[in-house]
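Understanding the architecture of this molecule
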Number of protein chains: 2
Amino acid sequence: MSRRGYGQICGLSRALEIVGERWALLIIRDLLSGPKRFTDLRQGLPRIPTNVLSARLKELEETAVLQRRILPRPATAVVYELTDYGRELDDVLLALGRWGAQSMGDPEVDEVYTRESLMMAMRGSYQGNDGAQAPRDPRSYELRVTGIVISVTVQDGQLGVTEGPQLDPDLVIETGNGLPALLLGQVSPSQAIESGSVRVTGNPELLDEFASTFRV
Amino acid sequence: MSRRGYGQICGLSRALEIVGERWALLIIRDLLSGPKRFTDLRQGLPRIPTNVLSARLKELEETAVLQRRILPRPATAVVYELTDYGRELDDVLLALGRWGAQSMGDPEVDEVYTRESLMMAMRGSYQGNDGAQAPRDPRSYELRVTGIVISVTVQDGQLGVTEGPQLDPDLVIETGNGLPALLLGQVSPSQAIESGSVRVTGNPELLDEFASTFRV
DNA sequence: CTGGATCCCTCACGATACTG
DNA sequence: CAGTATCGTGAGGGATCCAG
């Protein structure tokens, strides 16, 4: 690969030669929610230099993790989308995200939330139906974090996470950077509301349900 | 971390800041089988510069992925061992190894097998009890690849992988670099024996069982 | 002999400017 | 919008050296 390989005949070494370069896994994370354009990726990864983004996209295309596709119709646009092989990394990324979330400290002042990182956080922290108390189903939440809005629904035990506002949600959850502490169980839902780090619109008791449904 | 972070409040970003640096995950892989000394790690990672190994060990200790421990008794020795937190990466590494194994091409001439990469390959490719045909249980194999010898046992559905030879194994499997193709199902066990890429000592039919028990 | 530290060189990455 | 071009910096590669 770009830098000299690891010299081992080993699946893990091979994986790292493909997706171990800086930024690669974050690009893949952002593509998990669907095809994106160069500029979309740039926005989702505010600190990536454009030449590095170019280089990664080229390498990941060569290794069949993603494809470059040209939209033919009205506005001719280039999009990048994961191949089936690339999409197989979904579970690995969710697990790695859960692992890293456990050692998240207080956010630095220059760190930001992005839509894709929030969507991944919700998908990765979803407890399925094996949680202690079964949540009422269906349920829909709208999550607003520092201007980013995503929708989270649970229906028949199936989780759905999409960008944008939710139509008539059961609960609207608005927060600055109090979300990690809530998902990690470092503060209780009631504490979060009392301290003002989380504000809700709707029945506040639903935040308990939310916190037990989504928990790292 | 060492290089400037990714600037995102995100579990995956955090994980990559901790273990995303070059060589880090391979060091962790080698420590999954137990504590190791500096020199052991060097041998398992033939291409790693010693200063990089030093730096990674220091960083991974600061992030609580591993601990440095000094063996007090007879020979005063320094060993590095994973913390519980570090060991939580086991499943992630197995999954990533399976993913990468799918795009392993023919080995380059300067690429080598190592004991830890072999042990991980066997653990990652173990199909448990959900394989089509239930293998006879217990079963023990001795695997010899380019001078490296490991033992693989299956008992009560539990997999055991240890270094060194096996006492009275059901089957001894000896191979050069024909192993990946066998585990990936690119060649059948009988083809592998006929072509000479795999040699067995014991009942050759047991290689079919082996190949269905261990399959990426 | 283990467990590193030090030096030098190269190239990947980071930042920014620029172009079809 | 979708990149390419340029250039400075620092992490990684490789060899050597040193203390306990």
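Refer to the structure above for everything that follows.
The notes below deal with the structure included here. (Residues numbered from 1 in each chain as written. Chains lettered and ligands numbered in written order. Predicted model: local features only at pLDDT ≥ 70, side-chain atom pairs only at ≥ 80, totals over all residues. Heavy atoms only, no water.)

1. Digging into the pairing of strand β1 (residues 66–71) of chain B
Residues and elements named next belong to chain B. Bridge analysis of β1 against strand β2 (residues 77–82) gives six bridges, and the strand direction is antiparallel. Residue pairing in the sheet places arginine 69 in a bridge with valine 79 of β2. Taken together, β1 and the strand that follows it, β2, pair antiparallel across an intervening segment of five residues. (Pairing = 2+ DSSP bridges. Helix = DSSP H or I, 4+ residues; strand = E, 2+ residues; numbered from the N terminus.)

2. Looking at the interface of chain A and chain B
Opposite the 51 residues of chain A that make contact, chain B presents 51 residues. Sorting the residues of chain A by area buried against chain B places Tyr6, Ile9 and Trp99 of chain A first, and these three jointly supply 20% of that buried surface. At the surface where chain A touches chain B, the tally comes to zero salt bridges. Mapped by element, the contributors of at least two residues to the side of chain A that touches chain B are α1 (11–19), α2 (24–31), α6 (90–101) and α7 (115–125) of chain A. A per-element tally of the side of chain A that touches chain B places α1 of chain A first, with nine residues. Looking at the side of chain A that touches chain B residue by residue, the classes come out as 28 nonpolar, 13 polar and ten charged. (Contact = heavy atoms within 4.5 Å. Buried area = accessible area lost by both parts, 1.4 Å probe. Salt bridge = Lys/Arg side-chain N within 4 Å of Asp/Glu carboxyl O. Nonpolar A, V, L, I, M, F, W, Y, C, P; charged D, E, K, R; others polar.)

3. Brief notes about the protein's contact with DNA strand D
DNA strand D sits among 22 residues. The nearest are Thr50, Arg68 and Tyr80 of chain A together with Arg22 and Arg56 of chain B. Protein-adjacent atoms of DNA strand D, using a 4 Å cutoff, are sugar or phosphate at a proportion of 71%. In the environment of DNA strand D, a phosphate oxygen lies 2.8 Å from a nitrogen or oxygen atom belonging to the side chain of arginine 4 of chain A. Elements represented by at least two residues in the surface near DNA strand D include exactly α3 (38–44), α4 (50–62) and β2 (77–82) of chain A together with α4 (50–62) of chain B. (Near = heavy atom within 4 Å. Polar contact = N/O pair within 3.5 Å; in protein donor to acceptor, adjacent residues only side chain to side chain.)

4. Some points on helix α6 (residues 90–101) of chain B
Between the first and last C-alpha of α6 of chain B there are 16 Å, a value that for twelve residues agrees with the 16 Å anticipated at 1.5 Å per step. Counting buried positions along α6 of chain B gives ten out of twelve residues, so the element sits mostly inside the fold. All buried positions along α6 of chain B are accounted for by Asp90, Val92, Leu93, Leu94, Ala95, Leu96, Gly97, Trp99, Gly100 and Ala101 of chain B. On its buried face, α6 of chain B is in contact with α1, α5 (84–87) and α6 of chain A together with α2 (24–31), α5 (84–87) and α7 (115–125) of chain B. (Expected span 1.5 Å × (residues − 1). Buried < 20%, exposed > 50% of the residue type's maximum accessible area, 1.4 Å probe, protein only.)

5. Let's talk about the protein's contact with DNA strand C
Taken together, 23 residues form the shell around DNA strand C, and within it Arg22, Asn51 and Arg56 of chain A together with Thr50 and Tyr80 of chain B come nearest. Protein-adjacent atoms of DNA strand C, using a 4 Å cutoff, are sugar or phosphate at a proportion of 67%. Within the side chain of threonine 50 of chain B, an N or O atom sits 2.7 Å from a base nitrogen of DNA strand C. Within the backbone of valine 78 of chain B, an N or O atom sits 3.3 Å from a phosphate oxygen of DNA strand C. Counting residues per element, the ones that place at least two in the surface near DNA strand C are α4 of chain A together with α3 (38–44), α4 and β2 of chain B. Looking at the surface near DNA strand C, its residues break down into six nonpolar, seven polar and ten charged.

6. A short note on the pattern of salt bridges
All names here are of chain A. Summed over the entire model, instances satisfying the criterion amount to 25 salt bridges over all chains. For glutamate 163, the salt bridge identified is with arginine 115, shortest N-O distance 2.9 Å. Remark: arginine 115 occurs in helix α7 and glutamate 163 occurs in strand β5 (residues 158–163); sequence separation between them is 48 residues. Assessed through its relative accessible area of 49%, glutamate 163 is described here as partly exposed. Linked by salt bridges that have partners in common, Arg139, Asp170 and Glu209 make up one network.

7. Observations concerning the relation of the copies chain A and chain B
These two copies of the chain differ by a rotation about an axis and a displacement along the same axis. Laying chain A over chain B is done by rotating through 180° and shifting 0.0 Å along the axis; what remains is an RMSD of 0.0 Å. Such a combination of turn and shift is consistent with a two-fold rotation axis. Within chain A, valine 92 of chain A has its C-alpha nearest the rotation axis, a separation of 3.0 Å. By residue overlap, the copies meet face to face through one surface: 100% of the interface positions of chain A are interface positions in chain B. (Least-squares fit on C-alpha atoms with pLDDT ≥ 70 in both.)

8. Digging into α2 of chain A
Among the eight residues that make up α2 of chain A, eight are buried, leaving the element largely enclosed by the rest of the structure. Listing the buried residues of α2 of chain A in full gives Ala24, Leu25, Leu26, Ile27, Ile28, Arg29, Asp30 and Leu31 of chain A.

9. Some remarks on the nonpolar core
If you look at the biggest cluster of nonpolar residues, it comprises 66 residues, and the most contacted ones within it are Ile28 of chain A together with Ile28 of chain B. Isoleucine 28 of chain B has contacts with Val19, Leu60, Val65, Leu82, Gly86, Leu89 and Leu93 of chain B, leaving out every residue within four places of it along the chain. (Core = buried A, V, L, I, M, F, W, Y, C linked by side-chain atoms within 4.5 Å.)

10. Quick look at the packing of α6 of chain B against α7 of chain B
Residue and element names in this part refer to chain B. Between α6 and α7, the shortest axis-to-axis distance is 9 Å and the interhelical angle comes to 90°. On the basis of the axis angle, α6 is roughly perpendicular to α7. Along its contact with α6, which presents Asp90, Leu93, Leu94 and Arg98, the element α7 presents Met120, Arg123 and Gly124. A class-by-class count of the residues in the contact of α6 with α7 yields three nonpolar, one polar and three charged. (Axes fitted to C-alpha atoms, helices over the stretch in contact; angles between N-to-C directions. Parallel < 35°, antiparallel > 145°, perpendicular 65-115°, else oblique.)

11. Some words on the environment of proline 180 of chain B
Within the secondary structure layout, proline 180 of chain B lies in helix α8 (residues 179–183). Judged by relative accessible area, which is 16%, proline 180 of chain B ranks as buried. Discounting chain neighbours no more than four positions away, the residues touching proline 180 of chain B are Ile9 of chain A together with Met104 and Tyr113 of chain B.

12. Quick look at unusual backbone geometry
In the Ramachandran plot, threonine 146 of chain A falls in the positive-phi region, its phi being about 45° despite a non-glycine side chain. Residue placement: threonine 146 of chain A occurs in the loop between β3 (139–145) and β4 (148–155). Of note in the backbone geometry, aspartate 168 of chain B takes a positive phi value of approximately 50° without being a glycine. Judged by relative accessible area, aspartate 168 of chain B falls into the exposed class, the value being 67%.

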